[in-house]
Amino acid sequence: MSISTQPAAATGVAARCVDLTKVYGTGDASVSALDGVSVDFAEGRFTAIMGPSGSGKSTLLHCLAGLDTPTSGQVFIGDVDITSLQEKKLTELRRDRIGFVFQAFNLVPTLTAAENITLPMDIAGRDPEQAWVDTVVRTIGLADRLKHKPSQLSGGQQQRVAAARALASRPDIVFADEPTGNLDSKASLELLGFLQQAVREHGQTTVMVTHDPHAAAIADRVLFLDDGEIVRDLDASDAHTVITTMEELRSS
């Protein structure tokens, strides 16, 4: 699958955080994973987040998605401050407005691919928008595998099902945590092409944590974290620029 480099247009802010901190432990044993991070994510754009191990990139993604609770600061999905929501309301917001692609797929083994894709809507008691689900299924190229269970699918196919599940409910924003981490190069390229196509053709806001500079290079924007802070913010860049930036950060 070919990958475009044309940037998507932004029309508003899909998510943002303000002075976000996350501290694990207490006293001398405390570790600051996020140190006053403030950043906006524009609608209809693909943002990649990079940084060395322990830089706070996955912690930031999980806090943005409402999967982890920050120590202080605010996280907004649209105009909703999710850090002020009670657990029930937060769960509903995650289900209805956020899609998440996990590195480990997190598919239900007893369900078919089709059932996994529509699972969040089934839990919510909502009928899938079938025309959109069909579009997502055509995009991932697994129409002939919808009746297969995860054990009957390759790793790349499972991750594409997981990505389709994240997009099927038309969320405001999709967060992807190292989505190509367990895939070979061919499957990685196919998944990245799918995520990019969702942004380009359907305006799906996407934020992806990755360690792969070639994956980051397909994004409209690349954020670099180090020691819990955003230290660089690049517009669309090629893999060489991403690699050079990472090397500069390691040597600084």
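Throughout what follows, the structure given in this document is the object of discussion. (Residues numbered from 1 in each chain as written. Predicted model: local features only at pLDDT ≥ 70, side-chain atom pairs only at ≥ 80, totals over all residues. Heavy atoms only, no water.)

If you add up the space inside the largest pocket, you get close to 490 Å³. Taken together, 16 residues make up the lining of the largest pocket; nearest its centre are Arg-94, Arg-95, Ile-98, Phe-102 and Pro-120. At the level of secondary structure, the elements contributing two or more residues to the lining of the largest pocket comprise helix 2 (87-97), strand 6 (98-101), helix 3 (113-124) and helix 5 (155-168). Of the residues belonging to the lining of the largest pocket, the class tally is 9 nonpolar, 4 polar and 3 charged. Approximately 190 Å³ is the volume found for the second largest pocket. Lining the second largest pocket are Cys-63, Gly-66, Leu-67, Asp-68, Thr-69, Pro-70, Ile-82, Thr-83, Leu-85, Glu-87, Leu-90 and Arg-94. Ranked by residues supplied to the lining of the second largest pocket, first place goes to helix 2 with 3 residues. Split into classes, the residues belonging to the lining of the second largest pocket amount to 6 nonpolar, 3 polar and 3 charged. (1 Å grid on protein atoms, 1.4 Å probe; cavity = no way out; pocket = protein on both sides within 12 Å on 5 of 7 lines; lining within 4 Å. Points joined across faces, edges and corners; volume = space filled by probe spheres on them. Helix = DSSP H or I, 4+ residues; strand = E, 2+ residues; numbered from the N terminus. Nonpolar A, V, L, I, M, F, W, Y, C, P; charged D, E, K, R; others polar.)

This part takes up the sheet that holds strand 9 (residues 221-226). Across the sheet, 6 strands lie side by side as 6-7-8-3-9-10; this open sheet has mixed pairing. Of all the strands in the sheet, the pair left with one neighbour each is strand 6 and strand 10 (229-235). Neighbour-to-neighbour, the strand axes of this sheet turn through a mean angle of 20°, independent of strand direction. Bridging between strand 3 (residues 46-50) and strand 8 (residues 206-209) involves 4 bridges; their strand directions are parallel. Residue pairing for strand 8: Thr-47 is matched across the bridge by Val-207. Seen against the sheet, helix 2 touches strand 6 and strand 7 (173-177) and runs at an angle of roughly 75° to strand 6. (Pairing = 2+ DSSP bridges. Axes fitted to C-alpha atoms, helices over the stretch in contact; angles between N-to-C directions. Contact = heavy atoms within 4.5 Å.)

Let's shift gears to the environment of Thr-47. Position of Thr-47 among the secondary structure elements: in strand 3. Note: C-alpha distance between Thr-47 and Thr-69 (22 residues apart in sequence) is 22 Å. Once you skip the residues sitting within four places of it in the chain, Thr-47 turns out to touch Phe-41, Thr-206, Val-207, Met-208, Ala-219, Arg-221 and Leu-223.

Let us now look at the sheet that holds strand 2 (residues 31-42). Strand order in the open sheet formed by 4 strands is 2-1-4-5, with antiparallel pairing between adjacent strands. Edge positions in the open sheet fall to strand 2 and strand 5 (80-81), since each of these has one partner strand only. Strand direction decides the pairing type here: strand 1 (residues 13-24) and strand 4 (residues 72-77), joined by 5 bridges, are antiparallel. Opposite Thr-21, over in strand 4, you have Ser-72 as the bridge partner. In the packing of helix 1 (residues 57-64) onto the sheet, contacts are made with strand 1, strand 2 and strand 4, and the angle to strand 1 comes to roughly 120°.

The next thing to look at is the side chain of Gln-158. With respect to the helices, strands and loops of the structure, Gln-158 is situated in helix 5. For Gln-158, a relative accessible area of 16% corresponds to the buried category. (Buried < 20%, exposed > 50% of the residue type's maximum accessible area, 1.4 Å probe, protein only.)

This paragraph deals with the packing of aromatic side chains. For the structure shown, the criterion picks out 1 aromatic pair. Plain terms: the ring middles of Phe-100 and Phe-102 are 4.5 Å apart, the flat faces sit at 40° to each other, and that makes the pair tilted. When its relative accessible area of 10% is taken as the criterion, Phe-100 is described as buried. What makes Phe-102 partly exposed here is its relative accessible area of 27%. Across from the ring centre of Phe-76, 3.9 Å away, lies the NZ or CZ of Arg-16, which sits over that ring. The ring of Phe-41 carries Arg-221 above its face, with NZ or CZ at 5.9 Å from the centroid. (Phe/Tyr/Trp six-rings, centres within 6.5 Å; stacked < 30°, edge-to-face > 60°. Lys NZ or Arg CZ within 6 Å of the ring centre and 35° of its normal.)

This part covers the packing of helix 5 against helix 6 (residues 185-202). Relative orientation and spacing of two packed helices are given, respectively, by the angle between their axes and the distance between those axes. It is at 9 Å that the axes of helix 5 and helix 6 come closest, and there the two elements cross at 15°. When the axis of helix 5 is compared with that of helix 6, the two are roughly parallel. In this structure, helix 5 crosses over helix 6, and the sense of that crossing is right-handed. Note on element contacts: helix 6 touches helix 5 through Ala-187, Glu-190, Leu-191, Phe-194, Leu-195 and Ala-198, opposite Gly-156, Gln-159, Arg-160, Ala-163, Ala-164 and Leu-167. (Parallel < 35°, antiparallel > 145°, perpendicular 65-115°, else oblique. Left-handed = near helix turned anticlockwise from the far one by under 90°.)

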